[in-house]
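The residues making up each chain are set out below.
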Amino acid sequence: MAHARRLPIAIPTTTNRLILTTKRLYLPDEDATIALAAQLAPMLCGVHPAFGHEQRGGRIHLHGDLGAGKTSFARALLRASGITGKIKSPSYALIESYNLSNLDFYHLDFYRFSDSREWADAGFRDILDENAVVLIEWPEQAGALLPPPDLDIYLEYADHGRHASLTAHSNKGKLWLTTLALPPQESP
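Read on for a plain summary of the structure. (Residues numbered from 1 in each chain as written. Predicted model: local features only at pLDDT ≥ 70, side-chain atom pairs only at ≥ 80, totals over all residues. Heavy atoms only, no water.)

With respect to the secondary-structure elements, Glu-156 resides in strand E6 (residues 151-158). Put simply, Glu-156 and His-63 are 93 residues apart on the chain and 8.6 Å apart in space, counted from C-alpha to C-alpha. (Helix = DSSP H or I, 4+ residues; strand = E, 2+ residues; numbered from the N terminus.)

Laid out in structure tokens, this is it:
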């Protein structure tokens, strides 16, 4: 089955975030989503050959409709980083945290927030350390109060797969995107 490769994803332009580069790709199945996460994990963990240990950590914001693959991507990234055991969705607890080799991982879900200040009132501002891996689902629920991520990932349904748009907002995020070995994309 042929899949359209042109992304209809609308990247919000109402924020004042610097956009350094954007990559768009089609993820035909869950395995492709897992492969993307597996490529990013060593960069975030500081074990990729192009990155030093001092460059580990980073913030990724995950966007998309319910069921678009945000939690699946986050789980795949945590697994590829070496997290073992059960990886729970933070939908109800709001945050799940992990530690591996003195690297903190935080997976947050702001879906249930009705006021943009709730994330700060919950004390989450303290975990936005550059040396931690911070994955935030539904970051738009925090409005403009969150600091910009290194990388925004927008996921959208497309046939049986997903369209993904990855936008770098920092030099670290740009380096991640230029280092990724993305599959060739067919022309629309």
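This is not the end of the story, as more comes after the structure.
Here we take up helix H1 (residues 30-45). Here H1 contains 16 residues, and its C-alpha end-to-end distance of 22 Å stays within 8% of the 22 Å for a straight helix at 1.5 Å per residue. At the N-terminal end of H1, a side-chain oxygen is found 3.2 Å from the backbone nitrogen of Asp-31, two or three residues along, and the residue is Asp-29. Directly beyond the C-terminal end of H1, a positive phi value near 75 degrees is found at Gly-46. (Expected span 1.5 Å × (residues − 1). Polar contact = N/O pair within 3.5 Å; in protein donor to acceptor, adjacent residues only side chain to side chain.)

Contact geometry of H1 with helix H2 (residues 70-81) gives a least axis separation of 7 Å together with a crossing angle of 50 degrees. As the angle between them shows, H1 and H2 are arranged oblique. Note that H1 runs across H2; the crossing there is right-handed. From H1, Glu-30, Thr-33, Ile-34, Leu-36, Ala-37, Ala-38, Leu-40, Ala-41, Leu-44 and Cys-45 reach across to H2, where they touch Ser-72, Phe-73, Ala-76, Leu-77, Ala-80 and Ser-81. (Axes fitted to C-alpha atoms, helices over the stretch in contact; angles between N-to-C directions. Parallel < 35°, antiparallel > 145°, perpendicular 65-115°, else oblique. Left-handed = near helix turned anticlockwise from the far one by under 90°. Contact = heavy atoms within 4.5 Å.)

Where burial is concerned, most of strand E4 (residues 103-109) is hidden: 6 out of the 7 residues are buried. Summarising the sheet, strand E3 (residues 95-100) and E4 pair through 6 bridges and their orientation is antiparallel. For Tyr-98, the partnering residue across the bridge sits in E4 and is Phe-105. Taking the residues between adjacent antiparallel strands as the criterion, E3 and E4 are bridged by 2 residues, where Ser-101 takes a positive phi near 50 degrees. Bridge count for E4 against strand E5 (residues 133-137) is 5 bridges, and the pairing is parallel. Bridge pairing in E5 links Tyr-106 to Val-134. (Buried < 20%, exposed > 50% of the residue type's maximum accessible area, 1.4 Å probe, protein only. Pairing = 2+ DSSP bridges.)

Purely geometric numbers; function is a separate question.
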